[in-house]
Amino acid sequence: MMGRVSECTPLITWTGPPPTNHDQLIFDWQGTLSPAQQEASDRVVGAVKTNDNLLVWAVCGAGKTEVLFEGIHEALTQNKRVCIAAPRTDVILELSPRLQKVFPKTSITTLYGGSEDRHEYGQLVLSTTHQLYRYQHAFDFIIIDEVDAFPFSYDTSLQYAVEKARKPESAIVYLTATPDAQTQKKCTSGKQNHIRIPARYHRNPIPIPRLAWGGNWDKAFEKRRIPSPVKKWTLQRLEQNKQALIFFPSVQVMEKALPLFQELNPSIESVHAEDPDRKEKVQKMRSKEIPILLTTTILERGVTIPNIDVAVLGAEDQIFTESALIQIAGRVGRSADYPKGDAVYFHNGRTRAMIYAILQIFMMNKEAAKRGLIDE
């Protein structure tokens, strides 16, 4: 939450002199960009120079953050104010130390519900999208991360907040791995200025998800048994000592299923949005204390575990949109050390979302191969 804003709460507008002398600006990044990342980075720099708008459509695990560094540096060099907005607090908290390392002399403000920086105003602001309501004509360059993610894509008032926070002459860059159908059409027709990064930096194709019959999984759990294809898949992972995430359509179904999975291995856990131990469980997954984690769509984004398989149970449920299914499959093969893995959609009837998710990943791999961005 943003916190209470009453009618007398001042909106923050910058009217003063440029905040820093760019001689003090340090840009400390020793990494290298892949050819696709470099091309996108050049386009971001171009957008900053010409106050343009740009959509960066990059596959899961493409290295979107690194693509922003040169554009942010360009803006800061021109004494411009920069804002990176993302829908989720954990994304902002992860970005903050990374950017502070790259721009060690730049004042960075990190804003989310309850954050201590709320009354500060750095030259580089990291903010949850809701916090943008605080600003009016404040930024020369705004980056909206995960533009497809709830709540931004569903909330027109948030889109208004972004427009209000921008200066009339300003640049805006949108980042997404999964643009909605309307945005995809705009890209295809040339109405949306965009660039695609269809490959991961490690030059391996994205594992293509597969469909598997899951049967009447809901009835199976009512009868206190795991659907046999899902049970077989889970046991294979346990035998191979391969970690996995299993995505459920609801907390209720997952809570019913958990004790049945714990009969296979007592270390299996479950996690959801309201789980007070959510962060600890993800950390235990990272340190390999949990072999398999049952989860809702809360972990469809932003979690990278190097060597992992994923399964979706009840993939036909409407909560598993095309975007969600692509993001879930995108957890697999992100690491250069483990670029392969299994992503499976267990279903009780195929949906358009499943077919389109598989098709989009297939098309991105095809484009990556055509552009010489992958080695296979």
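What counts, and where the lines are drawn
Residues numbered from 1 in each chain as written. Predicted model: local features only at pLDDT ≥ 70, side-chain atom pairs only at ≥ 80, totals over all residues. Heavy atoms only, no water. Pairing = 2+ DSSP bridges. Helix = DSSP H or I, 4+ residues; strand = E, 2+ residues; numbered from the N terminus. Axes fitted to C-alpha atoms, helices over the stretch in contact; angles between N-to-C directions. Contact = heavy atoms within 4.5 Å. Core = buried A, V, L, I, M, F, W, Y, C linked by side-chain atoms within 4.5 Å. Buried < 20%, exposed > 50% of the residue type's maximum accessible area, 1.4 Å probe, protein only. Expected span 1.5 Å × (residues − 1). Patch = residues over 30% accessible without salt bridge, like charges linked within 9 Å, V, L, I, M, F, W, Y side chains within 5 Å. Areas by Shrake-Rupley, 256 points an atom, 1.4 Å probe, with all protein chains shown as cover. Salt bridge = Lys/Arg side-chain N within 4 Å of Asp/Glu carboxyl O.

### Looking at the sheet that holds strand β10 (residues 269–271)
- One open sheet holds the six strands; their spatial order is β8-β13-β12-β9-β11-β10, and the pairing between them is parallel. Both edges of this open sheet fall to β8 (210–213) and β10, since each of them pairs with a single strand only. Within the sheet, the average angular offset between the axes of one strand and its neighbour, ignoring direction, is 25°.
- Most of the contacts of helix α8 (residues 251–264) go to β10, to which it runs at about 165°, and overall it touches β9 (243–247), β10 and β11 (292–295).

### Here's the deal with the nonpolar core
- Formed by 88 residues in total, the largest nonpolar core has its most connected members in Val-56, Ile-72, Leu-99, Phe-141, Ile-144, Val-173 and Tyr-345.
- Considering every element that reaches this core, the biggest residue donor is helix α11 (residues 352–370), with seven residues.
- In contact with Val-56, other than residues within four places in its own chain, are Val-44, Val-173, Tyr-174, Leu-175, Thr-176, Ile-195 and Ile-197.
- Residues Ile-226, Ile-246, Leu-258 and Val-344 belong to the second largest nonpolar core, which totals 22 residues.

### Observations concerning helix α3 (residues 89–102)
- The end-to-end C-alpha distance of α3, which contains 14 residues, comes to 20 Å, matching closely the 20 Å that a straight helix rising 1.5 Å per residue would cover.
- Packing partners of the buried residues in α3 comprise α2 (64–77), β2 (82–86), β3 (108–111) and β4 (124–128).

### Some details on the sheet that holds strand β7 (residues 194–197)
- Read across the sheet, seven strands follow the order β3-β4-β2-β5-β6-β1-β7 without closing on themselves; strand pairing throughout is parallel. Both outer strands of the open sheet, β3 and β7, are each paired with one neighbouring strand and no more. Across the sheet, the mean angle separating the axes of adjacent strands is 15° when strand polarity is ignored.
- Across four bridges, the pairing between β2 and strand β5 (residues 139–144) is parallel. Across the sheet, the residue bridging to Cys-83 is Ile-142, located in β5.

### Quick word on a nonpolar patch on the surface
- Residues Ile-208, Leu-359, Phe-362 and Met-363 make up a contiguous nonpolar surface patch of about 360 Å² in total accessible area.
- For Phe-362, the position within the fold is in helix α11.
- Judged by its relative accessible area of 44%, Phe-362 is partly exposed.

### What about the pattern of salt bridges?
- Applying the stated criterion to the full structure yields 18 salt bridges.
- Salt-bridge contacts for Asp-375 lead to Arg-203; the nearest nitrogen and oxygen are separated by 2.8 Å. Remark: Arg-203 occurs in the loop between β7 and β8 and Asp-375 occurs in the segment after α11; sequence separation between them is 172 residues.
- A residue is classified by how much of its surface remains accessible, and Asp-375, at 56% relative accessible area, is exposed.
- On the accessibility criterion, Arg-203 (27% relative accessible area) is partly exposed.
- Between Glu-300 and Arg-301 there is a salt bridge whose closest N-O contact spans 3.3 Å. Note on accessibility: Glu-300 and Arg-301 belong to one class, buried.

### Some details on unusual backbone geometry
- Even without glycine at this site, His-137 takes up a positive phi of about 45°.
- Following the sequence through the fold, His-137 ends up in the loop between β4 and β5.
- Overall, His-137 belongs to the partly exposed group, its relative accessible area being 37%.
- Of note in this structure, Asn-241 is not a glycine but carries a positive phi near 60°.
- Mapping Asn-241 onto the fold places it in the loop between α7 (228–240) and β9.
- Accessibility expressed as a relative area gives 72% for Asn-241, which makes it exposed.

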